[in-house]
Each structure stands twice: as C-alpha cells, then as structure tokens.
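# Summary of structural features
Here is what each chain is made of, one letter per residue.
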Amino acid sequence: RQAELFNYYTRIYGKSYASRISAVPGTSEHQTGLAIDVGNANGACGLQACFANTPVGKWVGKNSHKYGFIMRYGKGQESVTGYSYEPWHFRYLGTSLAKNYKSSGAKSLEAYYGVSGSSPKNNTKNAKGTARTTANLNMRTGAGTGNRVLLTIPRGKSVQLTGSKKSGWYQVRYSSRTGWVSGKYLSSISMPSKPKKESKKSTPKQNTSNAKSAKTSANLNMRTGVGTSHRVVLTIPQGKKVAIRGAKKSGWYPVKYAGKNGWVSGTYLRSFSSSTYSPKSSDPKSSSSASKKTIANLNMRSGAGTSKRVILTIPKGKKVSIRGAKKSGWYPVKYAGKNGWVSGKYLR
Ligand SMILES: [Zn+2]
C-alpha cells in the first residue's frame, strides 16, 4: 500500500516532493504499528497542514499526550525529522513518556533523545554536521565563557553543528535550543557542508488586489467554487506558484494551476506578486496594521530567522505591536517591553 501511495505521489509531484510528504516504501512509521493519522469526520483538511486549525486538529494537538501520543512531525522540524509538518500524524509512546516529552518542551523525538535526525530523505548537500560531547558541557548564548549559560548538555550526547565556528567555539543545536559550546569538549566533529545561499530576491510589496501570482504555504485544495463545500479539483502542493485569474471573493482567489482552473482559500497563499506592481498601493493588511495576535506560543528572536537567539516566548493569543516592515516573512515586534522578531506564520 505504501508503495502504491508513494508511486502515486511521485507520478503527480515528482520524486523529490513525494518523498517529503510520503514515506519511501519500507520506511513509514506506520509500519511499526505505533502511528496513527487523525482526521475530522467530515474530511476537512485531511492530511493537510490546515488540519491543525480544525476543531479535531486543535484538540488532538493539545491533548494527545494525555493518551500516550505525540505529534511526531512538528512545524519547522523538517530538517530534523525528515518530514514536512504533519499535524495529523501521531506516534504512540505510552502515557508517561508522552507526558514527559510534552513537558520537556522538545520539538521532536530526535531532540528529546538528543540524537541527530538522519533521514534517508535528507539531501546530503544539506546534511547537518554533528559532534559528540566528551564532558557535561555548557551551551552558551555566545562564543566564550563570558556568555550566559542556556543549558548543560550531558556528556556523550550528539549535537547538531550549524556550521558557525568562532575562536574555537561551535554553534550547536541540542534539545531544540541553539547556542555555543567550546570545541575542546567535542569529539567526532563533522562540520556541515555550507548551505547554498538563497538568492535574496527583493520581493515587491504585497499587492494582493493586482497580484498575478502567489505561492501556496500549505498543501492546498483547489475547489470548483468559493468555500470548502465545493468539490476539490486537485490539491496543490505547498510552495507551488499559482496564477491568479481575477478578483478575490470572500477571501478566496480564482487561480490556475497545472492547467486547471479553480478557487483556493487566500489563507494559504503567500508572496503575492504582480507585474503591474505600483509602489504607491500596498496591501493594508501587511503594512499598516499596528498590532497582531499570536496564534501559537511563539518565540521572539533577536533577528529574522530561527537561527537567531530566543529572547522570550510569547504565549498564544497575545497581542503584539508591529514595529516596522516585514523581512522574509518575519515581523519586528514589541511584547512585554522587549523588542524582537517573530515569524509571521503565527500572527493573525
Ligand atoms: Zn501518518
């Protein structure tokens, strides 16, 4: 069955994308008998990232650990788990371990056990470097003992190297935290190969009304009309560019993808761009709203990107004030008297 599924996705999306959303036959966690996929009875957002925002998705995300299950492939953990965000996929650990996992704050089972994720799907070009601690080792906010200790990594643990090195100190990830450790207490150091620099395209200001194209931020159902009650024409994979055919209607856009016309919810469209871009008009939603609400417990960081230091975690449902212009999907915000950056994905 897994071979059938995988081949099906490969035919539609190509092998590289297929292996991000479906396990290579023989490697699915479902084959352990310890994993289940959960869905809404009406099929809403089935096996899609938007499942997390449905009633069942919210409930199971919050309560599964009480019954011994954890969400196995969390948001933003693809480089560790090897899988895209799967808010529907739960792994049975037993109640005591699942509760422990939850209270540890670990973002992946790999981080919880201090092992580096090694997925056959990880492209070797992006392979994370690793090293092993030879002593109980302080992870600090910077390179040098003058910096604050974030946590102590036990001896013999495997840490992920980010590739940054400074005067004998290495930047590492361990237990979902990023910080610096002295290289004196690391062995089997294998530095990661340098990630390809993404060309920084200067993105024009969002102008959704004149937008000619946009990108999907999740696997997105294209439907025959405006609203989830309409028939699904096809599912557009996350990260694909769609052409916008006309004016928005109740938050939905008429789009064309893979030669088909249909409607998609604007909630899962990003990077609107337009050939008739006019610098004078801008999307009021993206530029002039002075405050937004967090839709998840959200890390405020010292810069735009998850590699930056966490200043504090803003609880879900809090109002933050926006201090300036968005940068690669991140907003400069102020909360509890502190300034920092948060991912726009978790703001509404
Ligand atoms: Zn699954």
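Residues numbered from 1 in each chain as written. Predicted model: local features only at pLDDT ≥ 70, side-chain atom pairs only at ≥ 80, totals over all residues. Heavy atoms only, no water.

As a further point, take the overall build of the protein chain. Looking only at helices and strands, the protein chain has 7 helices and 23 strands in total. The 348 residues of the protein chain split such that 41% are buried. Pairs at least 24 residues apart make up 53% of the contacts formed inside the protein chain by residues separated by at least 6 positions. When the accessible area of the protein chain is evaluated, it comes to approximately 19,200 Å², of which 50% is carbon and sulfur surface. (Helix = DSSP H or I, 4+ residues; strand = E, 2+ residues; numbered from the N terminus. Buried < 20%, exposed > 50% of the residue type's maximum accessible area, 1.4 Å probe, protein only. Contact = heavy atoms within 4.5 Å. Areas by Shrake-Rupley, 256 points an atom, 1.4 Å probe, with all protein chains shown as cover.)

Attention now goes to the sheet that holds strand S3 (residues 86-92). Taken together, the 3 strands give an open sheet; going across it, the order is S1-S3-S2, and neighbouring strands pair in antiparallel fashion. In this open sheet, the two strands that pair with only one neighbour each are strand S1 (35-37) and strand S2 (69-73). Looking at each pair of strands side by side, their axes are set apart by 40° on average, direction ignored. (Pairing = 2+ DSSP bridges. Axes fitted to C-alpha atoms, helices over the stretch in contact; angles between N-to-C directions.)

Turning our eyes to something else, we now look at a positive patch on the surface. A contiguous patch of positive charge, built from Lys 58, Lys 62, Lys 66, Lys 99, Lys 102 and Lys 316, is present on the exposed surface. Only helix H3 (55-63) and helix H5 (95-104) provide two or more residues apiece to the positive patch. As for its placement among the helices and strands, Lys 102 is situated in helix H5. (Patch = residues over 30% accessible without salt bridge, like charges linked within 9 Å, V, L, I, M, F, W, Y side chains within 5 Å. Salt bridge = Lys/Arg side-chain N within 4 Å of Asp/Glu carboxyl O. Lys, Arg positive; Asp, Glu negative; His and termini not counted. Charge placed at Lys NZ, Arg CZ, Asp CG, Glu CD.)

On the protein side, the zinc ion has His 30 (NE2), Asp 37 (OD), Asp 37 (OD) and His 89 (ND1) as donor atoms, found 2.0 to 2.8 Å from it. The coordination sphere of the zinc ion comprises 4 donor atoms, whose angles at the metal cover 52 to 155°; the geometry is irregular. The sequence pattern formed by the donor residues of the zinc ion is H-x6-D-x51-H. With Asp 37 in strand S1 and His 89 in strand S3, this pair connects stretches of sequence that are 52 residues apart. (Donors = N, O, S within 2.8 Å, 3.2 Å for Na, K, Ca; no water. Tetrahedral: all angles 85-135°; square planar, octahedral: opposite > 155°, others 65-115°.)

Ring pairs (aromatic) are described by centroid distance and by the angle formed between their planes. Evaluated as defined, the whole model comprises 8 aromatic pairs. Measuring from centroid to centroid gives 5.5 Å for Tyr 8 and Tyr 9, while their planes differ by 55°, and the two rings are tilted. Taken together through their ring pairs, the aromatic side chains of Tyr 8, Tyr 9, Tyr 13 and Tyr 17 make up a single cluster. Over the face of the ring belonging to Trp 180 we find Lys 166, whose NZ or CZ atom lies 5.3 Å from the ring centre. (Phe/Tyr/Trp six-rings, centres within 6.5 Å; stacked < 30°, edge-to-face > 60°. Lys NZ or Arg CZ within 6 Å of the ring centre and 35° of its normal.)

When pLDDT is averaged along the protein chain, the result is 82; 86% of the residues meet or exceed 70. Low pLDDT (under 50) marks residues 195-207, which in the prediction has 12 contacts with non-local residues, meaning those over four places away or in another chain. (pLDDT = per-residue confidence, 0-100.)

Our focus in this paragraph is the nonpolar core. Membership of the largest hydrophobic core comes to 23 residues, with the highest contact counts inside it found for Met 222, Ile 236, Ile 244, Val 255, Val 264, Leu 269 and Phe 272. Within the residue set of this core, elements represented by two or more residues are S3, strand S12 (220-223), strand S13 (232-236), strand S14 (241-244), strand S15 (252-257) and strand S17 (269-273). When residues of this core are assigned to domains, at least three map to each of domain 1 (34-113) and domain 3 (213-284). (Core = buried A, V, L, I, M, F, W, Y, C linked by side-chain atoms within 4.5 Å. Domains from an automatic or database assignment.)

Glancing now at the pattern of salt bridges. Across all of its chains, the model carries 4 salt bridges by this definition. Measuring nitrogen to oxygen at the nearest pair gives 2.8 Å for the salt bridge that ties Arg 1 to Glu 4. Each of the two residues, Arg 1 as well as Glu 4, counts as exposed. For Glu 29, the salt bridge goes to Arg 91, with nearest N and O atoms at 2.5 Å. Taken together, the residues Glu 29 in the loop between helix H2 (15-21) and S1 and Arg 91 in strand S3 connect sequence positions 62 residues apart. Residue Arg 91 is classed as buried on the basis of its relative accessible area, which comes to 18%. Sharing partners across several salt bridges, the network here consists of Glu 29, Arg 72, Arg 91 and Glu 110.

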